[in-house]
Amino acid sequence: MQTVTNIEALRANIRQWRQERQSVAFVPTMGNLHAGHIKLVTTAKQQADKVVVSIFVNPTQFGPNEDFASYPRTEQQDQAKLIECDTDLLFLPSAKEMYPQPIQTSISVGGLSTLHCGASRPGHFDGVALVVCKLLNILQPDLLLLGEKDFQQLAVIRRMVADLNIPVAIQGVATVRETDGLAMSSRNGYLSAAQRRLAPRLYQSLCAARDTILAGKDDYQAVEDQQRQLLQQAGFAVDYFNVCRSDDLLPANPNDHTLVILLAARLGTTRLIDNVYFCKQTPDRTGFLPIKENA
Ligand code: PAF
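None of these values were measured; they are calculated from a predicted model. (Residues numbered from 1 in each chain as written. Predicted model: local features only at pLDDT ≥ 70, side-chain atom pairs only at ≥ 80, totals over all residues. Heavy atoms only, no water.)

Draft legend 1. Region of the structure containing the overall build of the protein. A count of helical and extended segments in the protein gives 10 helices and 9 strands. Taking 2.2 N^0.38 as the reference for a compact globule, 295 residues should give roughly 19 Å; the C-alpha atoms of the protein span a radius of gyration of 20 Å, in line with that estimate. Counting only C-alpha atoms and orienting by the principal axes, one finds that the protein spans roughly 55 × 45 × 40 Å. Out of the 295 residues belonging to the protein, those deemed buried represent 53%. (Helix = DSSP H or I, 4+ residues; strand = E, 2+ residues; numbered from the N terminus. Rg over C-alpha atoms; globule rule 2.2 N^0.38 Å. Buried < 20%, exposed > 50% of the residue type's maximum accessible area, 1.4 Å probe, protein only.)

Draft legend 2. Fine view of the site of the ligand. Within the structure, the ligand sits among Pro28, Thr29, Met30, Asn58, Gln61, Val128, Val131 and Gln153. Within the side chain of Gln61, one N or O atom sits 2.6 Å away from an oxygen atom of the ligand. A distance of 2.7 Å separates an oxygen atom of the ligand from a polar atom in the side chain of Gln153. Protein chains bury 88% of the 290 Å² of accessible surface belonging to the ligand in isolation. Elements supplying a minimum of two residues to the shell around the ligand: strand E2 (24–29) and helix H6 (124–139). Residues of the shell around the ligand, tallied by class, amount to 4 nonpolar, 4 polar and no charged. (Near = heavy atom within 4 Å. Polar contact = N/O pair within 3.5 Å; in protein donor to acceptor, adjacent residues only side chain to side chain. Areas by Shrake-Rupley, 256 points an atom, 1.4 Å probe, with all protein chains shown as cover. Nonpolar A, V, L, I, M, F, W, Y, C, P; charged D, E, K, R; others polar.)

Draft legend 3. View of empty space enclosed by the protein. A complete count under the given rule lists 1 cavity of 30 Å³ or more for this structure. Lining the largest cavity we find Lys149, Leu182, Ala183, Asn188, Leu202, Leu272, Ile273 and Asp274. Here the lining of the largest cavity gets 3 residues from one element, more than from any other, and that element is strand E9 (residues 270–279). Split by residue class, the lining of the largest cavity holds 5 nonpolar, 1 polar and 2 charged. (1 Å grid on protein atoms, 1.4 Å probe; cavity = no way out; pocket = protein on both sides within 12 Å on 5 of 7 lines; lining within 4 Å. Points joined across faces, edges and corners; volume = space filled by probe spheres on them.)

Draft legend 4. Highlighting the nonpolar core. By size, the foremost hydrophobic cluster in this structure holds 47 residues, and its most contacted members are Leu10, Val52, Phe91, Leu136, Leu144, Ile157 and Met160. Those elements giving two or more residues to this core turn out to be helix H1 (7–19), E2, strand E4 (89–91), H6, strand E5 (143–147), helix H7 (151–163), strand E7 (237–245) and strand E8 (258–267). Considering each element in turn, this core owes the most residues, 11 residues, to H6. Ranked by size, the runner-up nonpolar core spans 27 residues in total, among them Leu191, Ile213, Leu272 and Phe278. (Core = buried A, V, L, I, M, F, W, Y, C linked by side-chain atoms within 4.5 Å.)

Draft legend 5. Region of the structure containing the sheet that holds E7. Spatially, the 3 strands line up as an open sheet ordered E7-E8-E9, and their pairing is antiparallel. Looking at which strands have only one partner, the edges of the open sheet turn out to be E7 and E9. This sheet shows a mean twist of 10° between the axes of neighbouring strands, independent of strand direction. Taken together, the 10 bridges between E8 and E9 define a ladder with antiparallel strand orientation. Its bridge partner being in E9, Ala265 is matched across the sheet by Leu272. Helix H10 (residues 220–234) contacts E7 and E8 of the sheet and is inclined by roughly 155° relative to E7. (Pairing = 2+ DSSP bridges. Axes fitted to C-alpha atoms, helices over the stretch in contact; angles between N-to-C directions. Contact = heavy atoms within 4.5 Å.)

So this is what it looks like as structure tokens:
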């Protein structure tokens, strides 16, 4: 695996591959790689001739009181993991390389960025959209892979790519979970032993809500309230627990078929997010089959 830190060297490599008619897949990350990231890379390897991974802890997506300074930076371990899964190139830019001058351009994906995590982390998705747009312009890959664990991020990037006619295909990759169901996340490392034991309840509550809806309950507000209350009683500070339509992430109503339940909650100072994505069975015998959460 080659590691490059500047944009020109990265582009030279990609130019060379293009001349050889090789396709390129891209996995953007902020490092501290876990099995979820590795699945993105191994999926990318199946789809393209060459795989580029970036590691860049992007300052523009962190709010002033968030964990930018303490975000885990584990470059050496990350590099070893990427070599192991046969990554072709690691792009490891500095902040100066990505933002050589104070940036004056902003990218904001309208309504989508203001819901759910966007409401509690104002500006977060603008920072994500900005850096992903820059990276896509720098690399010009054929395929971009993102984890479904960050379901709203995936929706924001899909919308940005569609709105700006960015010529890249996007593939969402199913969430990778620990054996007890906790979604893999770089922030799991912040949890104390007691918090770590409690954390799988998030996924359990999502599954319970999904199963209640699949069993026919169509008062989604009541489903949300019940699970929110149970999580709060267990010691979580629930930011949101929202039953949404999976395409635009607006509140779902009983006629919607493809749903996602989005959840964010804090354990102490650690904020965790998770979701379940599923289809409801249609009563009209169209052959539309329900899909259980695809983790
Ligand atoms: O999901 C992440 O790790 C980040 O938000 C991303 C997409 C790499 C942009 O900084």
